Structures are given as structure tokens and as C-alpha cells.
Amino acid sequence: MSSPAAAPKPSLLSWRPRVTARARLTIVFTSMLLGCGLLMMGALYAVMKYVPTYAITSAVTPNSFTPSDSNIAPLQTPPAQVPASPNPDDGKTGSVVVRSVHDLLSVLLESSGAILAVVVLVGGLISWIVAGRLLRPVHEITQAARKAAEGSLDHRVGLTGPRDEFSELSDSFDSMLARLERSFAEYERFAANASHELKTPLATTQALLSLAADSPESTDTRLLISQLQDTTARSVDTVTALLELAEAAHGELQTEGVDLGKLVGECALGLRAEARAHGVFVETECLVGYVVEVNRILLSRLLDNVLNNAVRHNIDGGKVTVELIRQDGIVRLIVVNSGAHLGVDELERITEPFYRGAGRVRVPGQVRGNGLGLALACNIARAHGTELVVRANPDGGLILEMELPLAKSTAELARA
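How each quantity is defined
Residues numbered from 1 in each chain as written. Predicted model: local features only at pLDDT ≥ 70, side-chain atom pairs only at ≥ 80, totals over all residues. Heavy atoms only, no water. Helix = DSSP H or I, 4+ residues; strand = E, 2+ residues; numbered from the N terminus. Contact = heavy atoms within 4.5 Å. Areas by Shrake-Rupley, 256 points an atom, 1.4 Å probe, with all protein chains shown as cover. Axes fitted to C-alpha atoms, helices over the stretch in contact; angles between N-to-C directions. Parallel < 35°, antiparallel > 145°, perpendicular 65-115°, else oblique. Left-handed = near helix turned anticlockwise from the far one by under 90°. Nonpolar A, V, L, I, M, F, W, Y, C, P; charged D, E, K, R; others polar. Core = buried A, V, L, I, M, F, W, Y, C linked by side-chain atoms within 4.5 Å. Buried < 20%, exposed > 50% of the residue type's maximum accessible area, 1.4 Å probe, protein only. Polar contact = N/O pair within 3.5 Å; in protein donor to acceptor, adjacent residues only side chain to side chain. pLDDT = per-residue confidence, 0-100. Expected span 1.5 Å × (residues − 1). Salt bridge = Lys/Arg side-chain N within 4 Å of Asp/Glu carboxyl O.

Things to note about the overall build of the protein chain
Secondary structure assignment for the protein chain yields ten helices and seven strands. Taking the contacts inside the protein chain whose residues are at least 6 apart along the sequence as the reference set, 72% of them involve residues at least 24 apart. With an accessible surface of roughly 28100 Å², the protein chain has 59% of that area assigned to carbon and sulfur atoms.

Some thoughts on the packing of helix 5 (residues 260-270) against helix 7 (residues 296-312)
Look at helix 5 against helix 7: their axes get within 10 Å of each other, and the N-to-C directions meet at 50 degrees. Judged by the angle between their axes, helix 5 and helix 7 are oblique. Between helix 5 and helix 7 lies a crossing whose hand is right-handed. For the pair formed by helix 5 and helix 7, the contact residues are L260, L263, V264, E266, C267 and A268 on the first element and R296, L299, S300, L303, D304 and L307 on the second. Here the residues of the contact of helix 5 with helix 7 are counted per class, giving eight nonpolar, one polar and three charged.

Observations regarding the nonpolar core
Within the largest apolar cluster, 39 residues are counted, with the highest numbers of intra-cluster contacts made by L260 and L302. Mapped by element, the contributors of at least two residues to this core are helix 5, strand 3 (291-294), helix 7, strand 4 (319-327), strand 5 (330-337), helix 9 (373-383) and strand 7 (398-405). At eight residues, the largest contribution of residues to this core is made by helix 7. Residues in contact with L302, not counting those within four places in the same chain, are A377, I380, A381 and M402. By size, the runner-up hydrophobic cluster in this structure holds eight residues, among which are A148, L153, V157 and L159.

Describing the side chain of E401
Within the secondary structure, E401 is located in strand 7. A polar contact is formed between the side chain of E401 and the side chain of R332, at a distance of 2.9 Å. A polar side-chain atom of E401 sits 2.5 Å from a polar atom in the side chain of R391. E401 has contacts with R332, L333, I334, E387, L388, V389 and R391, leaving out every residue within four places of it along the chain.

Comments concerning the confidence of the model for the protein chain
Per-residue confidence for the protein chain averages 78 on the pLDDT scale, and 76% of its residues sit at or above 70. Note on residues 358-365: pLDDT under 50 across the span, and eight contacts to partners over four residues away in sequence or across chains.

Re helix 7
Taking 1.5 Å per residue as the helical rise, helix 7 with its 17 residues ought to reach 24 Å, and the 24 Å between its terminal C-alpha atoms agrees with that figure. Burial runs high along helix 7: twelve of the 17 residues are buried. One side-chain oxygen at the N-terminal end of helix 7 lies 3.2 Å from the backbone nitrogen of I297; it belongs to N295.

Comments concerning the pattern of salt bridges
Between side chains of opposite charge, pairing is possible as soon as their charged atoms come close. The full count for this structure, using the stated rule, is seven salt bridges. Ionic pairing is found between R296 and E266, a salt bridge with its closest N-O pair at 3.4 Å. One end of the pair, R296, is in helix 7; the other, E266, is in helix 5, with 30 residues separating them in the sequence. On the basis of relative accessibility, which here comes to 34%, the residue R296 falls in the partly exposed class.

Focus: helix 9
With respect to burial, helix 9 is a largely interior element, eight of its eleven residues being buried. Among the residues making up helix 9, those that are buried are L374, A375, L376, A377, C378, N379, I380 and A381. Just past helix 9, the residue G385 takes up positive phi, approximately 80 degrees.

This is the structure in C-alpha cells:
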């Protein structure tokens with residue numbers, strides 16, 4: 001069997017050096033500085049060449065004096081009064097002598113070029129330092145991203161300093177990490193609870209089958225079938241609720257105009273038998289005409305879960321009140337039920353999947369839920385762009401509130 005062909009090596013022509021962002025910024029800053037310096041140097045040279053009128057005269061010594069008229073005798077000055085012939089280099093510390101306009105412009109170009117070279121070198125060094133300081137937040141965010149990729153979601157950039165684009169990026173990145181950390185924590189709890197929920201009926205089924213296999217003669221077939229049906233139905237309900245929970249969280253909604261008051265009335269009517277069995281009175285203070293743009297099936301499931309939870313976790317002779325309030329283009333759904341007083345820890349965890357106030361043990365005489373009702377209701381609310389707010393009722397029980405925008409036609413009629 002032939003070995004796989006080796007990956008082709010990159011050729012020298014295709015190789016490109018890796019230039020970092022810091023190096024690119026340094027090159028850009030230095031190039032801009034060099035360009036501005038050359039432009040200023042050219043402008044200064046043009047101004048010095050064409051704007052001034054120069055009157056440069058050379059120093060003249062007596063020995064070189066030649067009268068323009070041969071008939072005029074030169075002035076006879078006593079030796080003591082004749083000044084010494086000036087020497088251009090006497091008393092000078094430099095060696096640059098300017099005798100003409102050309103010399104002046106040459107000195108200007110040479111000195112400007114030398115100064116520009118020094119300025120570009122110093123500017124390049126400063127640009128390298130400044131680029132490093134500007135990109136430091138990016139390096140910190142990169143390090144945080146690498147740690148997050150390795151599974152460390154508790155690290156935060158925590159960038160301090162002036163409020164600019166980098167600080168906004170840092171805050172957004174930290175918020176994203178916080179949401180990811182919460183999501184992963186919820187996912188781990190959800191996976192553990194789901195495994196426990198699905199493992200329990202499977203273990204029960206396995207125990208029943210093992211018992212029937214060990215003593216087939218003494219096994220009541222009808223009782224075994226009934227127990228297996230109950231266990232299987234429980235597993236199917238749990239899996240169905242899990243699928244609905246995932247679909248409500250990530251699915252796309254197909255909305256339509258739904259009369260919310262009418263839908264609440266239908267859900268309360270379907271709950272009448274169970275409420276009568278629990279001795280709970282359900283009161284609906286709703287008016288027809290609250291039309292909202294929602295997914296009818298999902299919203300109906302939300303109402304069913306909320307009302308079922310309010311009835312099943314109530315007290316004997318308790319009460320459930322459902323109220324709709326129109327307010328500034330929205331309608332508020334308020335469900336209040338009586339019941340036991342809840343602590344702060346219970347109130348915070350009550351919307352988590354598989355959480356039950358009475359624990360996982362079946363309470364005799366009560367319908368055992370799967371602990372997904374309120375969690376599913378919260379996901380359905382989020383899918384509609386709102387939140388299901390859960391608060392403790394001062395008299396015992398819960399108060400659940402949710403806001404939904406009225407349909408455009410209904411809102412326009414309300415304003416009219």
C-alpha cells in the first residue's frame with residue numbers, strides 16, 4: 001500500500017515574512033513622518049530659492065583692489081590706519097563657508113536632510129513604543145481568548161483607563177465570557193439532571209424485567225405491563241419536554257395574531273377538572289381584544305405550564321388569579337397563586353430545569369412533574385423576546401409576570 005504523498009513545501013517565491021500589527025503601525029507612522037518631513041524640506045527649499053532677493057558680496061582685500069579708472073590713483077592710507085585683510089576662516093569654529101546662493105541652498109539641503117534623518121530615526125523608535133502601548137489591550141484580549149479556548153472561562157480582561165474603543169471591546173468580551181460561563185454551568189447542571197431523570201426510569205424498567213426473569217411463575221403479567229407502561233410514559237414525557245425546551249430556546253418562531261384573553265380562558269377551562277380536584281379556585285380577569293403577535297402553540301404551552309404549576313403547588317382551598325393589563329402598547333400577563341412561602345434560594349432555582357420544591361421523591365396523592373414546566377415557560381418567553389419574571393407572593397406562593405407587545409392593529413385602535 002502506497003504511503004500518502006507528503007504535503008508540498010512552500011516555495012521561496014510564495015514565502016511572505018510575518019509582519020505584526022505593531023510593525024505595520026510603526027512603518028505607517030514613520031512613513032508619514034518621513035513624507036511630511038520631505039514635503040516640508042522641499043517647500044522650504046523652494047521658498048528659499050525663489051522668494052528672497054539675495055545681495056551676497058565677497059570680502060575684498062587691499063592687495064586685490066583694482067581701481068576701475070587707471071587715471072585715478074589709489075587712496076594712500078597710512079599703514080597704521082589700513083585694516084587688516086579679512087580672512088574668511090578667522091574666528092570661525094565651522095568649516096562651512098557660504099559665498100553664493102548656491103552654497104546657501106546646498107547647506108540648507110544638507111542640514112535639512114541630516115536633521116530629517118535624525119527625526120525619522122527618533123520618530124520610528126517612538127512609533128514602536130506608542131504602537132506597543134496602543135496594542136497592549138489587544139494582546140490582553142488575545143490572552144483571554146486563548147484561556148477561554150482552553151476551557152478557562154472565569155478569566156476577565158478587566159481593562160482600565162479611558163473609555164475608548166478598546167475598553168468597549170474589553171467590556172463586550174468580558175460580558176461574552178460571563179454569558180458563556182453561565183451557559184456552560186447551566187448546561188452541566190442540565191446534563192447532570194437530565195441524565196439522572198432518564199436513568200431513574202430506565203433503572204426501574206431494568207429492575208422490573210430482572211424480577212420477572214428471576215421468578216416468571218410468580219410474576220403478575222398485567223401488573224408488570226402496567227408498571228412498564230407508567231415508567232415508559234414518564235420517560236417519553238421527559239424526553240418530549242427536553243425537546244420542547246431545546247426547540248423553544250433555539251427555534252425560529254412563526255407568529256400570528258392571537259387573542260391573548262381568549263387563549264387564557266381556553267387554558268383555564270382545560271384546567272378546571274384538575275383545579276376542582278385540588279380544591280383550587282381559578283379566577284380569570286381578562287377581556288377579549290388583547291391581540292398579540294406570538295406563536296400560538298408555544299404560548300399555549302407556556303400558559304398550560306404556568307397554570308398547572310400554580311394549581312399543583314397550591315394549598316387546599318387556594319386561589320389562582322390571572323389578569324391582563326394593557327399599558328403603553330403592551331399587555332401584561334400576571335398570574336398570582338397562593339401556596340407555601342418560598343425562601344430566597346428556592347426562588348432563585350425554581351426556574352432551573354428539573355428543580356422541584358418537594359425534591360425528587362414522589363409525594364403521595366400529588367401528580368409528579370418532571371421539573372421542566374417553569375424552565376420551558378421561561379425559554380418560550382425568551383423566544384418571544386421577553387422575560388417571565390418570577391417573584392414571591394407576600395401571602396405565600398408565586399407571582400409571575402410577562403409583557404407582550406400588542407399587535408399593530410390593536411395598538412392603533414387603543415391610541416385612537
